[in-house]
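Listed here are the chains, written in short residue letters.
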Amino acid sequence: MKTCPRMSRIRSDFEKDIRFLTVYAERKAGTPPAKTSAKQAITVKRNMARAMSRHFARCPECG
Ligand SMILES: [Zn+2]
């Protein structure tokens, strides 16, 4: 799938956040902050899917 540089940036920004939250959740596994982070990671993933589909819908270079 071919994507434009803007799309790559959107994705890498979200992936950075998801990685950070996931690593944190693993490191603190079993604690309340870990649960919060894991939940946040899910929210960020959902936002990423939404942002990407929004971008695909209006970007002339992608899709
Ligand atoms: Zn694009």
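Residues numbered from 1 in each chain as written. Predicted model: local features only at pLDDT ≥ 70, side-chain atom pairs only at ≥ 80, totals over all residues. Heavy atoms only, no water.

A. View of the overall build of the protein chain. From N to C terminus, the protein chain includes 2 helices and 0 strands. The C-alpha radius of gyration computed for the protein chain amounts to 14 Å, which surpasses the reference 11 Å derived for 63 residues by more than 25%, pointing to a less compact arrangement than a globule. Projected onto the principal axes, the alpha-carbon positions of the protein chain cover approximately 45 × 15 × 15 Å. Within the span of the protein chain, comprising 63 residues, buried residues form 24% of the whole. The contacts of the protein chain with a sequence gap of at least 6 include a subset with a gap of at least 24, amounting to 66%. Element-wise, carbon and sulfur atoms account for 56% of the exposed surface of the protein chain, whose accessible area totals about 4700 Å². The average position of the 15 basic charges and that of the 5 acidic charges among the side chains of the protein chain differ by 5 Å. (Helix = DSSP H or I, 4+ residues; strand = E, 2+ residues; numbered from the N terminus. Rg over C-alpha atoms; globule rule 2.2 N^0.38 Å. Buried < 20%, exposed > 50% of the residue type's maximum accessible area, 1.4 Å probe, protein only. Contact = heavy atoms within 4.5 Å. Areas by Shrake-Rupley, 256 points an atom, 1.4 Å probe, with all protein chains shown as cover. Lys, Arg positive; Asp, Glu negative; His and termini not counted. Charge placed at Lys NZ, Arg CZ, Asp CG, Glu CD.)

B. Geometry of the coordination of the zinc ion. The protein atoms that coordinate the zinc ion are Cys4 (SG), His55 (NE2), Cys59 (SG) and Cys62 (SG), at distances spanning 2.0 to 2.4 Å. Angles of 106 to 115° at the metal separate the 4 donor atoms of the zinc ion, which places the site in the tetrahedral class. Taken in chain order, the donor set of the zinc ion reads C-x50-H-x3-C-x2-C. We classify His55 as buried; its relative accessible area is 2%. Under the relative-accessibility criterion, Cys62 is labelled buried at 6%. (Donors = N, O, S within 2.8 Å, 3.2 Å for Na, K, Ca; no water. Tetrahedral: all angles 85-135°; square planar, octahedral: opposite > 155°, others 65-115°.)

C. Layout of the side chain of His55. By secondary structure assignment, the location of His55 is in helix H2 (residues 32–58). Those residues in contact with His55, other than ones at most four positions away along the chain, are Cys4, Arg6, Met7, Ile10 and Cys62.

D. Here's a closer look at H2. Between its first and last C-alpha atoms H2 spans 40 Å; for 27 residues at 1.5 Å apiece the expected length is 39 Å, and the two agree. In the core, the buried residues of H2 are packed alongside helix H1 (5–27). (Expected span 1.5 Å × (residues − 1).)

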